[in-house]
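Geometric and topological summary
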Amino acid sequence: MMTPTLSSTYARILTEEPRPQGQDRPSDQAAARAVTGPLRILHLSALYPPYIVGGAERSVEHLAEELVAAGHTVAAACIAREPESKSVRGGVTVYRMAHHNDFWLEDWPKATRFGRAWAKLKQQWNFAVAAEFGRVLDDFRPDIVNTHSLLDVSTLVWREAAKRGIPIVHTVCEYDLICGNAAMFRDGKPCDRWHLGCKVVNAAKQITNRSVDAVVSVGTEILKAHVDHGLFAHLAPERRRVIFYSCTVPEGDPAARRQIDRTDRPMTFGYLGRINTEKGVGTMIDAFRRIGPGNWRCLVAGQAMDDSIARFTAQAEGLPIEFVGWAKPADFLSAIDVLIVPSFWAEPSPRTIYEAYTMGVPVIGAASGGIPELVGEDNAEWLFTPGDDADLAARLRSVIARGRKDLPDERAFQHVIRESTSERVAEKYLDLYAELVAERRAIRP
């Protein structure tokens, strides 16, 4: 079985001089940092822990706290169902602003289709939340602003920073700037065109994005998708960069995992994440149905956002597939041999792959979105065609036939592990921050 290696796209980004994604030479970065010194850095994301609905909130927290540890003064702003007083969490000053939308983001499923569309359309011009953010800017007085997921946050916030002369970095981690549902997935399949409705509810972003001074993306493909749709086209290539998520697995120990005696256990596959159609859970079950019962099992960990769990459990009836509910990543990844990431939609950069690699668990993934960039585009044995259960079944049979002794561990995944440590991710962001701040200070009278 082929050992996963660095994908050709990401290898080029990391090794070429000059680097096409805008990585300056170390001497330039050191000079910029020397000029700026400690920075005041403000992050803005739709949510901030302990309020979490996905990986974006955890990533912002990891980055913010790592920047504090590096000696910088850091704040994070977000929206909340009800505004809260300024507080401190993990050394980060946190501002929880009123959202000023028609309804709170967790209440979207309760709204009518027309209500959701109207709210999305109005959201582009939410001057009230922009004014809230302006007050945060005036209170914290940052040297630089880094926005992240702006789901349910008007991009008018960029103009508030721009008119104060504060450089702006935006991190692309989902499709909310170009897609009404932030996933580019509709009617049970990935979008093959830009729908009129999405163009309308995101029209203002074609203008407001010009206030952004640099864009960072968690993956090459999602960055390309945004540029292809007209976003960040005004930025020079060196101001469009790919920086992986930072990832830790609390209480995870890959060395201890390797010592577990699995002699009498069947080959154990695992799925970790939301249980729904776009995540490819149905494709995975159909693939195991093709294989049939044998010396294998599959553990499915996660929750369904709707009643789809019943549909999937019925689909898996008679197979050694167990739905285990919520699971701690360290414990779950210690219990399996191989993780399956079967996403049917173009998932930007699945955190579960980072977590699996950190724990020494190899991944079979769909060749969609940012998955090949992490798994390795040339590793045909570890990638399958999205939605193709026969192709996935072939990959599973190969793993079962070879046995767990032939499986790679974390030593084979250093290309991802090294680039996703909190220290490395913070270092890359700081390089970009320092360059922008130094440039802005140089042009001020």
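These notes cover the structure that comes with them. Just so you know, the residues in each chain are numbered from 1, in the order the chain's sequence is written. The predicted nature of this model means local features are confined to residues of pLDDT at least 70 and side-chain atom pairs, given and counted, to a pLDDT of 80 or more, with totals for whole chains, interfaces and linings taken over all residues. Think of the side-chain values as coming from all heavy atoms in the structure, minus any hydrogens and water.

**What to know about the pairing of strand 12 (residues 296-301)**
- Burial analysis of strand 12 places five of its six residues in the buried class, the great majority of the element.
- Any two strands are treated as partners once DSSP identifies two or more bridges connecting them. Helix and strand assignments follow DSSP, with helices taken as H or I runs no shorter than four residues and strands as E runs no shorter than two, numbered in order from the N terminus. The pairing of strand 11 (residues 267-272) with strand 12 spans six bridges and is classified as parallel. Residue pairing in the sheet places Phe269 in a bridge with Cys298 of strand 12.
- Running through helix 11 (residues 281-291), the crossover from strand 11 to the neighbouring parallel element strand 12 is right-handed.
- Of the pairings in the sheet, the one linking strand 12 to strand 13 (residues 321-325) comprises four bridges and is parallel in character. Looking at the pairing, Val300 lines up with Phe323 of strand 13. Exposure is judged per residue with a 1.4 Å probe applied to protein chains only, and the accessible area is read against the type maximum: over 50% gives exposed, under 20% gives buried, and values in between give partly exposed. Consider the strands pointing away from the viewer: the crossover is right-handed when the path from the first strand over the helix to the second runs clockwise.

**What about the pattern of salt bridges?**
- Just to be clear on terms, a salt bridge is a Lys or Arg side-chain nitrogen sitting within 4 Å of an Asp or Glu carboxyl oxygen. This structure, assessed with the given rule, holds 29 salt bridges.
- With a shortest N-O distance of 2.6 Å, Glu347 and Lys279 are connected by a salt bridge. In this pair, Glu347 sits in the loop between strand 14 (338-341) and helix 14 (351-358) while Lys279 sits in the loop between strand 11 and helix 11, placing the two residues 68 residues apart along the sequence. With respect to class, Glu347 is no different from Lys279; both count as buried.

**Notes on the sheet that holds strand 1 (residues 40-44)**
- The strand order across the open sheet formed by eight strands is 3-4-2-1-5-6-9-10, and the pairing between neighbours is mixed. If you trace the sheet from one side to the other, it starts and ends with strand 3 (84-89) and strand 10 (240-242), each paired once. The sheet shows a mean angle of 20° between the axes of neighbouring strands, direction not considered.
- As defined by bridge partners, strand 2 (residues 73-80) adjoins strand 4 (residues 92-98) across six bridges and the pair is classed as parallel. Its bridge partner being in strand 4, Cys78 is matched across the sheet by Arg96. Here the axes come from fitting lines to C-alpha atoms, over the contacting stretch only for helices, and the angles between their N-to-C directions go from 0 to 180 degrees.

**Side note on helix 16 (residues 389-402)**
- Over its 14 residues, helix 16 extends 20 Å from the first C-alpha to the last, a length consistent with the 20 Å expected when each residue adds 1.5 Å.
- Among all positions in helix 16, only Asp389, Asp391, Leu392, Ala393, Arg395, Leu396 and Val399 are buried.
- Should any heavy atoms of two residues lie within 4.5 Å, those residues are considered in contact. Looking at the buried positions of helix 16, the neighbouring elements they touch are strand 11, helix 11, strand 14, strand 15 (363-366) and strand 16 (383-384). For a helix, the expected span equals 1.5 Å multiplied by the residue count minus one.

**Notes on the environment of Pro329**
- Note that Pro329 resides in helix 13 (residues 329-335).
- For Pro329, a relative accessible area of 23% translates into the label partly exposed.
- With sequence-adjacent residues up to four places away left out, Pro329 is seen in contact with Val249 and Glu355.

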